[in-house]
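Close look at the chain arrangement
Here is what each chain is made of, one letter per residue.
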Amino acid sequence: MTMVNLTLNGKQVSADVPDNTLLVTFIRETMGLTGTHVGCDTSQCGACVVHVDGESLKSCTMLAAGAEGASVTTIEGIADGDSLHPMQQAFHENHGLQCGFCTPGMVMSAIELVQDNPNPSETEIREGLEGNICRCTGYHNIVKSVQAGAKMMGG
Amino acid sequence: MPEGSIKDGIGASVRRKEDKRFLTGSGRYTADITRPGQLHVHFIRSVHAHANIKAIRKDAAAAAEGVVAIFTGEDVAADGIGGPICGWVVTNRDGSPTNEPPHPILANGAVRYVGDHVVAVIAETLEQAMNAAELVEIDYEVLAPVVDLAHAGSGPQIHENVPGNMYFDFELGDEAAAAAALDSAATVVELEVRNNRLIPNAMEPRAALAEYDPIDDSYTLFTTSQNPHLTRLVIGAFMLSIPESKLRVVAPDVGGGFGSKIYVYPEEAVCTWASKKLQRPVKWTADRSESFLADAHGRDHINKVRMALDKDNRITGLRVDTVANIGSYLSAFSVVTPTILHAPLLSGCYRIPAIYTNVKGMATTTAPVDAYRGAGRPEATYLLERVMDTAARQVGMDPAEFRRMNFIPKDAFPYQTPVALQYDIGDYEPPLDKALEMIDYKGFEARRAEAASRGKYRGIGLSSYIEACGIAPSAVAGALGARVGLYESATVRVDPTGTVNVFTGTHSHGQGHDTTFAQIVADKLGVDIGSVEIIHGDSDRIPFGMGSYGSRSLAVGGAAIAKAVDKVIEKSKIIAAHLMEAADADVVFADGKFTVAGTDNEKGFGEIALAAYVPHNYPHDRLEPGLEETAFYDPLNFTYPSGTHIAEVEIDPSTGVVELVDWACCDDFGNLINPMIVEGQVHGGIAQGVGQALLENAHYDETGQLITASYMDYCMPRADDLPNFKVDYTVTACTHNDLGVKGCGEAGAIASPPALINAVIDALAPLGVTDMSMPATPEKVWRAINDAQTEAAE
Ligand code: FES
Ligand code: FES
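Treat the numbers as computed from the prediction; the structure is a model and nothing was measured. (Residues numbered from 1 in each chain as written. Chains lettered and ligands numbered in written order. Predicted model: local features only at pLDDT ≥ 70, side-chain atom pairs only at ≥ 80, totals over all residues. Heavy atoms only, no water.)

1. Quick notes on the overall build of chain A
- When its secondary structure is counted, chain A shows 5 helices and 5 strands.
- Counting helices and strands in the order they occur from the N terminus, chain A gives β-β-α-β-β-β-α-α-α-α.
- Relative to the compact-globule value of 15 Å for 155 residues, chain A shows a C-alpha radius of gyration of 15 Å, a close match.
- With the principal axes as the frame, chain A shows a C-alpha extent of 45 × 30 × 25 Å.
- Counting across all 155 residues of chain A, residues that qualify as buried make up 55%.
- When contacts within chain A are restricted to residue pairs at least 6 apart in sequence, those whose partners lie at least 24 apart make up 57%.
- Counting only carbon and sulfur atoms, one obtains 47% of the accessible surface of chain A, whose full area is about 5700 Å². (Helix = DSSP H or I, 4+ residues; strand = E, 2+ residues; numbered from the N terminus. Rg over C-alpha atoms; globule rule 2.2 N^0.38 Å. Buried < 20%, exposed > 50% of the residue type's maximum accessible area, 1.4 Å probe, protein only. Contact = heavy atoms within 4.5 Å. Areas by Shrake-Rupley, 256 points an atom, 1.4 Å probe, with all protein chains shown as cover.)

Spelled out as structure tokens, the structure:
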């Protein structure tokens, strides 16, 4: 067992978990934040993307212990109370989601994409989201959402 | 349709009511649910395609830490638990019935595909269950697999009661008439196509959590289902033999289905059965590898096509011989998909006087194959739209003009095809013309030349499709072998304060029903969309329902809602007439208000609702208090969406990579309730079709191992594989439902694969390439180019 201490959506949390606990399992099961999803077992789908110290990361690729002391942000942690994060708002306005399963990972990846590149072209968005699979939308409206989100985030 | 011209009502692109919970991480999918004391089950699956089980030794595993129970097929048999049933069977050519083998929920004596469920290991934690599974020893006697579909009939017999590995041998149409047309044809066009096998890959893996309540001897099952009532029926009546009232099935948020979550699978049945045996909740969540192995796969046909043309290039006849891979067991709609949902679509949008088809459904030692987005119609459309292009090329006509001259003319509706269906309405030229214009068809040769100057081959491909949605009516379906009804139910409950709850038997797993259905109700009742709540997915809350598949939710479920709302309005009118001391016939309802014609007497909808629940001044002699109405709607016919999709590609001859550079489509879905949501459905459907045509392929090797069992090997469409899509509509309103709607969920996946492959062939045609199989991978395309060049050089 390992004692893991980290900041989760701005709150200090700690728990004693088996050494091999993945960060995604820690978030979903130990902490009960089920907005972060698991869509695969080969780190290919991006449903589990969270931010660790501001960088987007597939949380199925990291041990919880590896995030010791880090600041982890999940989809539950980006809205400001009742008002959605601009990227969440953009996905809503542009119908960037259907079943919603890929959405948390997609939004978290999109936010980082725009943080790194405030004014991304369509091609840059498509390439930037290459690690996130969506089976529902055909990506057209996701790309539109990210473009709109980038504008709303001040790009 | 002008956005927002009708605020929140029918025709407005209302932003989705359901979005917020998904965007904030508060969606509630099955895997997100935990029950106190829950156990975890891990399934040991067959590693062989075909084998007899000689012995299972589980003692060491049973003694492992945390293990609570280990169940095998013998335990299932001892408790008399049944297996999944086939929901629709057909009669064979010779009048005999479909051969239906047993399908135990845990293998009993034999395994028939890699991934078949053999042992359920149940423990306190998932990790303990998985660790204990390592200690279970299974002795197999390995048998020869049956993998090659074309020769499945001569392989070793897989099921005792399926001789020649043939589940069914179905036919439709007039064989002699088709033969006569082919014999007297000026041109005969021949084509053999393979509809590649796909794995649905909804992003949410399947999951189940079952809980037993000893106090009233009842079960609750949370499961990833597109149709919770059917799951209740099958598990309750056919598997556990318990009264349906003792089983509540809840399908909460479901992360995509595309058909794969229609069927009842062994895992959810095992969880339910075990929850009583162990008196504790039992949970299972598939990992993606299990989804690849054991979700029902899709497509997998070989189609031999012969089309007859007269001297004017009009189609005079068509014969199609199909071999369909059904896999190791009969999944719920595995029989109907390649037969009833396929054969009647072979007329497409064309006037074809004589059609005959034979479909043989074969058993193989591969995962069960069932309906996947489009279900039978994509297979029909693919072969037809491919042969249309082949024919056009053979007779030297432009493919668009060849289609146009063979379209069923718009004055021919209702049109009776020679393959059972009667199309109520359609008009196929306007969407063709619009799509041609959207992609600038006329300018294509210039673009081809420009691409050639950059060393690229550019091609354009069309597909004019028709499909059939909202499978119906029940009586006809029953005569054709359906074992379920095909109606839908809706209850509209108005609260005393005028808010509205709609209980629908359809299920939304991404389609946006919370919004679309609310728009219908808001529009008809003249209330704010925010005061309409859509409730679905819980067998205890909904009267009954068939769930969502076959693009039926709006055309059937929406029509039921509209009927229930109409009943509410009728009752409200009587209440209003009473309150305003007028005759019923003088009361008019519009914009949420009841008025007495010719007066300024009016009552708001809220006032009527209140009067219905506080009936102090009320027509008690005529009406019961309350304002709640239920309607069941059984459609009179299928609906027939149609349209044209056009793909434009560029091929790099040095790599064989096909780049999809443009897409234009124009669909006729009848009236649109929410154009934004419809467009999203079209996009998603096209993306899945592009996946089929260019990227995806489920491949078993000759030993029956699934080679493409992860995202490393099964190529899913990603953002950078696709362009933006140009989408537009024409409208011919469906004639037999009140909303005039047809359904839009599958059209994209149906129309797109042949458009793409036709485009690829068009790009390579100057080299002499005439055929390309799906998926058109870089390797295949590169080889085709090289072979053609080598041949030309010789
Ligand atoms: S769960 Fe698929 S990448 Fe992490
Ligand atoms: S919205 Fe369903 S997977 Fe993306």
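Structure shown, so let's carry the discussion forward.
2. Observations regarding the packing of aromatic side chains
All names here are of chain B.
- A full pass over the atoms with the stated rule returns 19 aromatic pairs over all chains.
- Both rings, one in Phe-22 and one in Tyr-29, keep their centres 6.1 Å apart while their planes meet at 35°; by these two values the pair is tilted.
- Site record: aromatic cluster; members linked through ring pairs are Tyr-350, Phe-407, Phe-413 and Tyr-428.
- The ring of Tyr-265 is capped by Arg-206, whose NZ or CZ atom sits 3.5 Å from the centre of that ring.
- Across from the ring centre of Tyr-549, 5.4 Å away, lies the NZ or CZ of Arg-552, which sits over that ring. (Phe/Tyr/Trp six-rings, centres within 6.5 Å; stacked < 30°, edge-to-face > 60°. Lys NZ or Arg CZ within 6 Å of the ring centre and 35° of its normal.)

3. A closer look at the domain arrangement of chain A
Residue and element names in this part refer to chain A.
- Annotation of chain A at the domain level lists domain 1 (2–76) and domain 2 (86–152).
- Once you take the C-alpha centre of each, domain 1 and domain 2 turn out to be 21 Å apart.
- Each partner contributes residues to the interface: domain 1 has 17 residues there, and domain 2 has 14 residues.
- At the boundary of domain 1 with domain 2, total buried surface from both sides reaches about 1200 Å², with 57% on carbon and sulfur atoms.
- Here domain 1 is connected to domain 2 by 0 salt bridges.
- Taken together, domain 1 and domain 2 are joined by 7 residue pairs in polar contact (both at pLDDT 80 or more).
- Per-class residue counts for the side of domain 1 that touches domain 2 are 5 nonpolar, 10 polar and 2 charged. (Domains from an automatic or database assignment. Buried area = accessible area lost by both parts, 1.4 Å probe. Salt bridge = Lys/Arg side-chain N within 4 Å of Asp/Glu carboxyl O. Polar contact = N/O pair within 3.5 Å; in protein donor to acceptor, adjacent residues only side chain to side chain. Nonpolar A, V, L, I, M, F, W, Y, C, P; charged D, E, K, R; others polar.)

4. Comments concerning the sheet that holds strand E23 (residues 593–596) of chain B
Residue and element names in this part refer to chain B.
- If you trace the 3 strands from one edge of the open sheet to the other, you get E22-E23-E24, paired in antiparallel fashion. Of all strands in the sheet, those with a lone pairing partner are strand E22 (587–590) and strand E24 (602–604), marking the two edges. Taking each pair of neighbouring strands and ignoring which way they run, the sheet shows an average axis angle of 20°.
- Helix H16 (residues 605–613) rests against E23 and E24 of the sheet, and its axis sits at about 75° to E24. (Pairing = 2+ DSSP bridges. Axes fitted to C-alpha atoms, helices over the stretch in contact; angles between N-to-C directions.)

5. Focus: the sheet that holds strand E27 (residues 658–668) of chain B
All names here are of chain B.
- Overall, mixed pairing links the 4 strands, which are arranged E18-E26-E27-E28 in an open sheet. Only two strands of the sheet have a single partner each, and these edge strands are strand E18 (457–466) and strand E28 (726–730). Direction aside, the axes of adjacent strands within the sheet are offset by 15° on average.
- Examined bridge by bridge, E18 and strand E26 (residues 642–651) share 10 bridges and lie antiparallel to one another.

6. Things to note about the pairing of strand E3 (residues 67–72) of chain B
Residue and element names in this part refer to chain B.
- Among the 6 residues in E3, 5 count as buried, and that is most of the element.
- Where E3 meets strand E5 (residues 117–123), 5 bridges bridge the pair, whose relative direction is antiparallel. In the strand pairing of E5, Phe-71 is matched with Ala-120.

7. A look at the layout of surface pockets
- If you add up the space inside the largest pocket, you get close to 1500 Å³.
- Every residue lining the largest pocket is counted, 46 residues in all, and those nearest its centre are Thr25(A), Glu29(A), Leu126(B), Glu127(B) and Met130(B).
- Every element with two or more residues in the lining of the largest pocket is listed here: helix H1 (23–30) of chain A together with strand E1 (39–45), helix H4 (126–133), strand E12 (282–285) and helix H8 (288–294) of chain B.
- Of the residues that constitute the lining of the largest pocket, the class distribution is 19 nonpolar, 16 polar and 11 charged.
- Counted as a void, the second largest pocket has a volume near 500 Å³.
- Lining the second largest pocket are 25 residues, with Val658(B), Glu659(B), Leu660(B), Asp720(B) and Asp721(B) positioned closest to its centre.
- Put simply, the parts of the chain that give the lining of the second largest pocket at least two residues each are helix H4 (122–128) of chain A together with E26, E27 and helix H17 (675–695) of chain B. (1 Å grid on protein atoms, 1.4 Å probe; cavity = no way out; pocket = protein on both sides within 12 Å on 5 of 7 lines; lining within 4 Å. Points joined across faces, edges and corners; volume = space filled by probe spheres on them.)

8. Topic: the pattern of salt bridges
All names here are of chain B.
- Counted according to the given criterion, the structure contains 59 salt bridges over all chains.
- Close ionic contact of Glu-124 with Arg-280 constitutes a salt bridge, the shortest N to O distance being 2.7 Å. Remark: Arg-280 occurs in the loop between helix H7 (266–277) and E12 and Glu-124 occurs in the loop between E5 and H4; sequence separation between them is 156 residues.
- With a closest N to O distance of 2.6 Å, Arg-386 and Asp-771 form a salt bridge. One end of the pair, Arg-386, is in helix H9 (residues 377–395); the other, Asp-771, is in the loop between helix H18 (747–764) and helix H19 (778–793), with 385 residues separating them in the sequence.
- Looking at Arg-386, the relative accessible area reads 1%, which means it is buried.
- Linked by salt bridges that have partners in common, Asp-440, Arg-447, Glu-450, Arg-454, Arg-458, Glu-648 and Glu-650 make up one network.

9. Comments concerning empty space enclosed by the protein
Residue and element names in this part refer to chain B.
- Under the counting rule described, the total for this entry stands at 8 cavities of 30 Å³ or more.
- Approximately 680 Å³ is the volume found for the largest cavity.
- Taken together, the elements giving at least two residues each to the lining of the largest cavity come down to helix H14 (513–525), helix H15 (553–579) and H17.
- Here the element with the most residues in the lining of the largest cavity is H17; it accounts for 3 residues.
- When its residues are assigned to classes, the lining of the largest cavity shows 21 nonpolar, 21 polar and 5 charged.
- Reported here for the second largest cavity is a volume of approximately 110 Å³.
- Taken together, 15 residues form the lining of the second largest cavity, with His-103, Val-264, Tyr-265, Ser-331 and Pro-368 sitting closest to its centre.
- Split into classes, the residues belonging to the lining of the second largest cavity amount to 11 nonpolar, 3 polar and 1 charged.

10. Regarding a nonpolar patch on the surface
Residue and element names in this part refer to chain B.
- A surface patch of nonpolar side chains, about 240 Å² in accessible area, is lined by Leu-610, Tyr-613 and Val-614.
- Among the secondary structure elements, Leu-610 is positioned in helix H16.
- On the basis of relative accessible area, Leu-610 is assigned to the partly exposed category, the value being 45%. (Patch = residues over 30% accessible without salt bridge, like charges linked within 9 Å, V, L, I, M, F, W, Y side chains within 5 Å.)

11. Examining the side chain of Thr98(B)
Residues and elements named next belong to chain B.
- Tracing the chain through its elements places Thr-98 in the loop between helix H3 (73–78) and strand E4 (110–111).
- Judged by its relative accessible area of 7%, Thr-98 is buried.
- In this structure the side chain of Thr-98 is engaged in a polar contact, spanning 2.7 Å, whose partner is the backbone oxygen of Val-90.

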